[in-house]
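Close look at the chain arrangement
Residues per chain are reported as follows:
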Amino acid sequence: MGEWIIMASSLPLVFDAPKRGMPPRHLADLDSEQRREAVRELGLPAFRADQLARQYYGRLEADPAKMTDLPATVRDTVGTALFPPLLTAVKHIACDKGETRKTLWRAHDGTLLESVLMRYPDRATLCISSQAGCGMACPFCATGQGGLDRNLTTAEIVDQVRAAAAALRDGDVAGGPGRLSNVVFMGMGEPLANYKRVVAAVRRITSPAPDGLGLSQRSVTVSTVGLAPAIRKLADEGLSVTLAVSLHTPDDELRDTLVPVNNRWSVKEVLDAARYYADKTGRRVSIEYALIRDVNDQPWRADLLGKKLHKALGALVHVNLIPLNPTPGSEWDASPKHVEREFVRRVQAQGVSCTVRDTRGQEIAAACGQLAAEG
C-alpha cells in the first residue's frame, strides 16, 4: 500500500505512513494459512503452526524460550523467524487506585505509543493505538497535534491486547486476577487510516483459538473521525464490531475547523456512511462528541445534532458526550456541568439516546485526546 493523501483545507493528511522502521513479520501478522506456510519454511511439522498459535493466543506467551512444548533445539530459530521483539514496556502509570493503567511502549525502532487499561466492576476495557501519533490534526487533541509518526503493524496492535490480557490474568493490575472483556480502538491514531492492518488485528483479537484471542466482536469498538469510504468498506467486512464516529459538531462550518478531514467528507456524507454501516451490521452507531466550552456546546447545536442523527440513523445511534480533557497549552476547556446537562436534555428531546461518558485517567494524561507518548 502506498501513501493515500487527501487535502483538508490546505493541510495534507497522510493516510498511510512510510514503511520505515516496520519490524520483521511476527506470528500475529499471519493468518492461519500464512502461519502454516511459515512453519513449513522453517522445516517444522505442520502441527507446530497451531501449537505456536495456541501458545501466543491461548496462553498469551510471546517468548519461545518459555514454550515448553516446543523442542529446545528449535526455539531460537522460531523466535528469530516468528517472534521478533515488538513492544517493550517503558513505564506503567496508574490512577483510580490502580484500576486505570497507562503503558508507554517502545517499538523495535524506538517509536513510542501508548495503551490504557481500565478496570470496572463488571468489565475490563483496553484502549489501544493503531498508529504512532495521528495525522488527522484535530486541534483539541494532543495526539493529533503531535502529528503522525507511522502506522503500527497488525502484530503491534494485537500485542497490546495480548499483553493486557496477560497482565489481568496474572493479577498485575489492581483488583486481582481477571479477564480482558473489551477492546476499543480509541488510542493513538485514526484506525481507518491504517485500514488493512486494523481489520486484520480485529480478526486476530476476535477469532477463537488457535487463530486469535477469542474476544466477542461485539466487545470491540473501532473509532474514526469520519473517513466515509472506509466506513462503508468496514460495513462490508462481515464484522459486528461497534462503529464509533467522532463527530464533535453537527455543522460543517465548525467541523471543518475541529475535524479537518471534514473538508473532504461532510457531516452528511459521514452520517450516510454510518447509516450504511448500521443497516449492514444491525449495530447501533456510537457518536462521540467532545463538549468544549463556548465552542460546540450551544443549545442550538444540541438541537441540530439530535435532529440530524434522528433523521440519519433513527434508533440505531447513541451519543457519548465527552467532557473535554485538558491538554498542555490548550486554551479550550470542558463545558460547565449545567451546560452539559442541558445539552444532553436537548439531544434526548429529539429522540436520540445520549449519555455523558465516564472519563478516566485525566491525572495521568490517559483520557481521550491526551495520549502523546512522551518518554
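Residues numbered from 1 in each chain as written. Predicted model: local features only at pLDDT ≥ 70, side-chain atom pairs only at ≥ 80, totals over all residues. Heavy atoms only, no water.

1. Considering the sheet that holds strand 12 (residues 285–291)
Applied cut-off: Any two strands are treated as partners once DSSP identifies two or more bridges connecting them. Counting from the N terminus, the helices are the DSSP runs of H or I reaching at least four residues and the strands are the DSSP runs of E reaching at least two. Only the stretch in contact is used when a helix axis is fitted, and all axes are lines through C-alpha atoms; the angle between N-to-C directions ranges over 0 to 180 degrees. Note on contacts: a residue pair qualifies if any of its non-hydrogen atoms lie within 4.5 Å across the two residues.
Spatially, the ten strands line up as an open sheet ordered 3-4-5-6-9-10-11-12-13-14, and their pairing is mixed. Each of the sheet's edge strands pairs with one partner strand only, and the pair in question is strand 3 (87–95) and strand 14 (353–356). If you compare each strand with its neighbour and ignore which way they point, the axes differ by 20° on average. Where strand 10 (residues 220–224) lies against strand 11 (residues 242–246), four bridges are found, and the strand directions are parallel. The partner of threonine 221 across the bridge, within strand 11, is threonine 242. Relative to strand 5 (residues 112–119), helix 5 (residues 154–169) is tilted by about 40°, and along the sheet it contacts strand 3, strand 4 (100–107), strand 5, strand 6 (124–127) and strand 9 (182–185). Sheet strands touched by helix 11 (residues 337–349): strand 12, strand 13 (317–323) and strand 14. Its angle to strand 13, the strand with the most contacts, is close to 170°.

2. Some remarks on helix 3 (residues 72–82)
We apply this condition: Exposure is judged per residue with a 1.4 Å probe applied to protein chains only, and the accessible area is read against the type maximum: over 50% gives exposed, under 20% gives buried, and values in between give partly exposed.
Residues of helix 3 that are buried: Val74, Arg75, Val78, Gly79, Ala81 and Leu82. Looking at the buried side of helix 3, the elements it contacts are helix 1 (32–41) and helix 2 (47–58).

3. Details of the environment of isoleucine 93
Here isoleucine 93 is to be found in strand 3. Sequence-wise, isoleucine 93 and leucine 104 are eleven residues apart; in three dimensions their C-alpha atoms are separated by 8.4 Å.

Taken by themselves, the reported measurements are silent on function.
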